[in-house]
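Architecture and fold: a report
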Amino acid sequence: MPYTKIIGTGAYLPPRIVSNDELAAQLAQDGIETSDQWIIERTGIRQRHIAERGVTTSQIATFAAQAALKDAGLDAADIDLIVVATSTPDFVFPSTACLVQNQLGISGGAAFDVQAVCSGFVYALTTADALIKAGNATKALVIGAEVFSSILDWKDRSTCVLFGDGAGAVVLSQSDEPGILATQLKADGSQNHILCAAGNVSYGEVVGDPFLRMDGQAVFKFAVNALSKSGQDVVAQAGLTMDQIDWLIPHQANVRIINFIGRKLGVPTEKVVITLDKHANTSAASVPLALDAARKDGRVQRGQTLLMQGVGGGFTWGSVLARL
Ligand code: UT7
């Protein structure tokens, strides 16, 4: 049975950076009060990247994929599977993955989207790992990409300050050496209402609510409990102990959530990758963006063991344990 190894990472962030102060000034024009201090104290976020109107998820996903291919030393033509995790697809269909495949100038392999909101990347990675191990693919692009600014209600301060846009990608290869060691995916659909964008296009009209809505405190509690249990499960499944984990790379939603999870898992803060101060919550892009940032700044090294975790709407959550 072959293994799956991560052989390259890449990222793309839209060039426009919006600081908390700039966002607070923008909201003040609509009579909405927020502040840099509130956002930093409650979340740890200092800024976010926001795409210009008209920029699509497939475009930024393609940029991240090209960076990951370059890092892996591969051509797009080597790829026989593309899985894109996104909640902000370009279209109802075709899938964003098919659009990415076309923008990469390739055809013939499989391409599809995974919809698990902020858990999307761990869902996509687990799916691609299974397809590679089953012999259905040999080299895969797994991409988390979002233009989340397009589904935010910019008059709702309890949500619009939390999110940003971006894309992160990894290249996976079939390998004789262990790479992905253990995975776990979970969902609890009874909690669908605590984080949702409950709208759609139907009979030629937008029906329901096209904006993201969230019960922040319910999500907070759920995320801490779900990810600490899931992290323990995958580490045990691989026959490892938590002190053998070199890096925890959790979903980047709130630094207080991340600190609680780190404490519950017994992972010290110096082993936790945090990028949400710069990127805010980029949903499916958050884990691959954090992985790429930590690789590029030299923190994460080849041979190290990484615990990657996602949690979000659905409700969904999951963990991937991988040796880089
Ligand atoms: O990817 C997964 C998606 N999301 C998450 O994981 C988010 C999970 N939840 C959270 O991160 C936190 O619950 C929030 C950051 C969303 C909120 O933090 P909190 O400490 O739970 O605050 P809260 O909702 O209890 O609100 C406290 C106060 C309220 O005012 P009152 O009722 O005390 O007068 C809010 O109206 O803060 C107010 N508030 C704000 N004030 C200034 C809410 N948003 C803002 C804001 N600026 N942007």
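The numbering scheme is per chain: residues are counted from 1 as the chain's sequence reads. Where local features are concerned, this predicted model is filtered to residues with pLDDT of at least 70; where side-chain atom pairs are given and counted, the filter is 80 or more; whole-chain, interface and lining totals use all residues. Note: side-chain values were computed over all heavy atoms of the structure, leaving out hydrogens and water.

**Some points on the domain arrangement of the chain**
As a reminder of what qualifies: Here the limits of each domain have been adopted from an automatic or database domain assignment. The contact definition used throughout considers only heavy atoms, calling two residues in contact when any of these lie within 4.5 Å. The buried area of a pairing is the accessible area, by a 1.4 Å probe, that goes missing from both parts when the two are put together, added over both. Basic side-chain nitrogens of Lys or Arg form a salt bridge, by our definition, when they fall within 4 Å of a carboxyl oxygen of Asp or Glu.
Partitioning the chain into domains gives domain 1 (3–175) and domain 2 (180–323). Across the boundary between the two partners, domain 1 contributes 54 residues, which contact 45 residues of domain 2. For the pair domain 1 and domain 2, the summed buried area comes to about 3900 Å², and 62% of that belongs to carbon and sulfur atoms. Per-residue buried area on domain 1 facing domain 2 is highest for Cys 118, Val 122 and Tyr 123; these three make up 15% of the total on that side. Linking domain 1 with domain 2 are three salt bridges.

**Concerning the pattern of salt bridges**
Which entries qualify depends on this criterion: Put simply, DSSP H or I for four residues or longer makes a helix, DSSP E for two residues or longer makes a strand, and each gets a number counted from the N terminus. Exposed residues in this analysis have more than 50% of their type's maximum accessible area, buried residues have under 20%, and partly exposed residues fall in between, with area computed by a 1.4 Å probe over protein chains only.
Applying the stated criterion to the full structure yields twelve salt bridges. The salt bridge involving Asp 233 is made with Lys 229; its shortest N-O contact spans 2.9 Å. With Asp 233 and Lys 229 both in helix H7 (residues 216–237) and four residues apart, the pair spans about one turn of that helix. Residue classification places Asp 233 among the partly exposed positions, given a relative accessible area of 22%.

**Re the site of the ligand**
Under the convention used in this document: What makes a residue near a molecule or strand is one non-hydrogen atom of that residue sitting within 4 Å of it. We define a polar contact as two N or O atoms separated by no more than 3.5 Å, with the added condition that, inside protein, one atom must be a possible hydrogen donor and the other a possible acceptor, whereas residues neighbouring each other in sequence contribute only through side-chain atom pairs. Values of accessible area rely on a 1.4 Å probe in the Shrake-Rupley scheme; residue burial ignores everything except the protein chains shown. In this count, Pro and Cys sit with the nonpolar residues alongside Ala, Val, Leu, Ile, Met, Phe, Trp and Tyr, while Asp, Glu, Lys and Arg are called charged and the others, Gly among them, polar.
Neighbouring residues of the ligand: 23 residues in total, closest Thr 34, Arg 42, Gln 217, His 251 and Asn 254. One of the side-chain N or O atoms of Asn 254 is found 2.7 Å from an oxygen atom in the ligand. A total of 950 Å² of accessible area belongs to the ligand in isolation, and the protein chains cover 73% of it. Secondary-structure elements contributing two or more residues to the shell around the ligand are helix H2 (36–43), helix H6 (157–160), H7 and helix H8 (255–265). In the shell around the ligand, the residues fall into eleven nonpolar, eight polar and four charged.

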